[in-house]
Amino acid sequence: MTGAAGRIATAIRPLLLEAGHSLVLCDAAEVSAVTPGERVVRADLRDIDAHVAAFVGADLVVHLGALADERPWPDLLAVNVDGTRAVCEAARLAGVDRLLLASSVHAAGYLPADSTAACDGMPLPAPDTYYGVSKAAVEALGALFAGRFAMTVVSARIMAFSARPVGAYGLHWWLSPADMARLVLVTLTTRNGGHHVVWGVSRNTRSHVDPAPGLAIGFDPQDDAELHAAEIERSGPAGSPRLLGGVFADADYRLGEPHGGPTAPR
Ligand SMILES: NC(=O)c1ccc[n+]([C@@H]2O[C@H](COP(=O)([O-])OP(=O)(O)OC[C@H]3O[C@@H](n4cnc5c(N)ncnc54)[C@H](O)[C@@H]3O)[C@@H](O)[C@H]2O)c1
């Protein structure tokens with residue numbers, strides 16, 4: 001797992017250990033609370049040799065490492081695009097033929113949230129930011145490695161991951177830790193090879209996006225943000241995003257500048 005010191009990895013590590021898996025935790029940053037069944041490899045994403053050594057013997061690479069927000073173009077190009085290329089290449093060299101890549105809703109953030117393209121099947125990329133472009137490139141790398149090297153690659157357009165849904169659009173966008181762990185386990189076992197782009201979102205009553213691409217690989221999310229509706233509505237009105245990318249797609253959102261807020265989907 002890359003990005004192992006990050007928010008998503010930290011939340012799902014215990015769930016994957018509980019499911020009986022052992023984990024190799026790769027990150028440039030320090031990984032905390034390491035338990036039996038986990039091993040840490042401290043390396044930059046672009047260090048192919050370090051990642052080949054880390055990945056040998058693994059059944060799956062879960063690639064979460066990234067700059068997970070809007071940033072200046074050269075930074076996103078270096079970490080999210082070059083970094084993902086290096087991780088895919090390291091997986092191939094290590095003989096791992098399954099990859100879960102963290103894409104983002106921002107790869108398609110300019111689509112109207114209620115459009116047929118967004119709600120029926122999987123839309124082509126329509127990035128809303130440089131970050132979104134970097135995630136579209138992550139998906140393209142997934143398609144390349146699946147096509148050329150017969151790998152099974154799932155690119156997950158994650159919406160908004162958190163322990164509980166937050167923010168005005170949280171009832172639409174929430175991806176729970178348990179559903180993210182389900183997506184990892186499905187990528188490990190699906191017999192449906194090739195490249196798949198799926199929505200990384202829970203089974204939220206208010207979600208418009210199509211569950212079919214996920215179901216095609218066996219991803220059947222179980223959590224529903226609606227159970228937290230009262231809590232969300234106590235802190236402000238819950239609304240519907242006009243565009244899938246929410247504030248990132250606003251005309252006055254400045255390219256290259258981090259959002260940094262807790263309530264935008266990443
Ligand atoms: N959290 C969300 O709601 C969300 C939504 C959509 C997509 N995603 C994607 O999911 C993935 C994980 O998200 P997160 O919220 O855990 O992000 P995060 O920022 O908490 O974690 C990212 C991790 O990547 C590591 N990293 C960054 N640059 C690196 C480099 N050059 N070399 C090695 N490690 C490096 C960081 O140290 C960090 O631990 C990211 O790819 C993000 O873009 C997240």
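This structure is a prediction, so every number in the text was calculated from the model and none was measured.

## Things to note about the confidence of the model for the chain
Here comes step 1: When pLDDT is averaged along the chain, the result is 95, and 97% of the positions lie at 70 or above.
Here comes step 2: Mean pLDDT across the elements of the chain ranges from a minimum in helix α4 (residues 116-119), with 83, to a maximum in strand β3 (residues 61-63), with 99.

## Some remarks on empty space enclosed by the protein
Regions of empty space are outlined by a rolling probe, equal in size to a water molecule, passed over the atoms.
Here comes step 1: Using the criterion set out here, one finds two cavities of 30 Å³ or more in the structure.
Here comes step 2: In this model, the largest cavity occupies a volume close to 50 Å³.
Here comes step 3: Looking at the largest cavity, the residues that line it are Ala-113, Met-159, His-172, Trp-173, Ser-207, His-208, Val-209, Pro-241 and Leu-244.
Here comes step 4: For the lining of the largest cavity, the residue count by class is six nonpolar, three polar and no charged.
Here comes step 5: Lining of the second largest cavity is provided by His-63, Leu-64, Gly-65, Ala-66, Asn-80, Thr-84, Ala-102, Lys-135 and Val-138.
Here comes step 6: If you list the elements that add at least two residues to the lining of the second largest cavity, you get α3 (73-94) and α5 (130-149).
Here comes step 7: Of the residues belonging to the lining of the second largest cavity, the class tally is four nonpolar, four polar and one charged.

## Focus on the site of the ligand
Here comes step 1: Not every one of the 27 residues close to the ligand is listed here, only the nearest: Ile-8, Asp-27, Tyr-131, Lys-135 and Phe-161.
Here comes step 2: Between the ligand and the protein, one listed contact pairs an oxygen atom with a side-chain N or O atom of Asp-27 at 2.6 Å.
Here comes step 3: The separation between a nitrogen atom of the ligand and a polar main-chain atom of Leu-45 is 2.9 Å.
Here comes step 4: If the ligand stood free it would expose 830 Å²; the protein chains cover 89% of that surface.
Here comes step 5: Of all the secondary structure elements, the ones that give two or more residues to the shell around the ligand are α1 (7-18), β4 (98-104), α5 and β6 (160-161).
Here comes step 6: The leading source of residues in the shell around the ligand is β4, at three residues.
Here comes step 7: Tallied by class, the residues present in the shell around the ligand amount to 16 nonpolar, five polar and six charged.

## Overview of α1
Here comes step 1: Every buried residue of α1 is listed here: Ile-8, Ala-9, Ile-12, Arg-13 and Leu-16. Down the axis of α1, the smallest arc covering the buried residues is 135°, so these residues share one side. What points out from α1, more than 90 degrees from its buried face, is the exposed set Arg-7 and Glu-18.
Here comes step 2: Where α1 is buried, its residues touch β1 (23-27), β2 (38-42), β5 (152-158), β6 and α7 (177-189).
Here comes step 3: In the segment just after α1, Gly-20 is the residue with positive phi, at about 95°.

## Details of the layout of surface pockets
Here comes step 1: Here the second largest pocket is characterised by a volume of approximately 360 Å³.
Here comes step 2: Lining the second largest pocket are 19 residues; nearest its centre among them are Ser-22, Leu-23, Ala-58, Asp-59 and Leu-60.
Here comes step 3: Of all the secondary-structure elements, those providing two or more residues to the lining of the second largest pocket are β1, α2 (48-55), β3 and α7.
Here comes step 4: No other element matches α7, which puts three residues into the lining of the second largest pocket.
Here comes step 5: The class makeup of the residues in the lining of the second largest pocket is 14 nonpolar, three polar and two charged.

Cut-offs applied
Residues numbered from 1 in each chain as written. Predicted model: local features only at pLDDT ≥ 70, side-chain atom pairs only at ≥ 80, totals over all residues. Heavy atoms only, no water. pLDDT = per-residue confidence, 0-100. Helix = DSSP H or I, 4+ residues; strand = E, 2+ residues; numbered from the N terminus. 1 Å grid on protein atoms, 1.4 Å probe; cavity = no way out; pocket = protein on both sides within 12 Å on 5 of 7 lines; lining within 4 Å. Points joined across faces, edges and corners; volume = space filled by probe spheres on them. Nonpolar A, V, L, I, M, F, W, Y, C, P; charged D, E, K, R; others polar. Near = heavy atom within 4 Å. Polar contact = N/O pair within 3.5 Å; in protein donor to acceptor, adjacent residues only side chain to side chain. Areas by Shrake-Rupley, 256 points an atom, 1.4 Å probe, with all protein chains shown as cover. Buried < 20%, exposed > 50% of the residue type's maximum accessible area, 1.4 Å probe, protein only. Arc of directions from axis to C-beta. Contact = heavy atoms within 4.5 Å.

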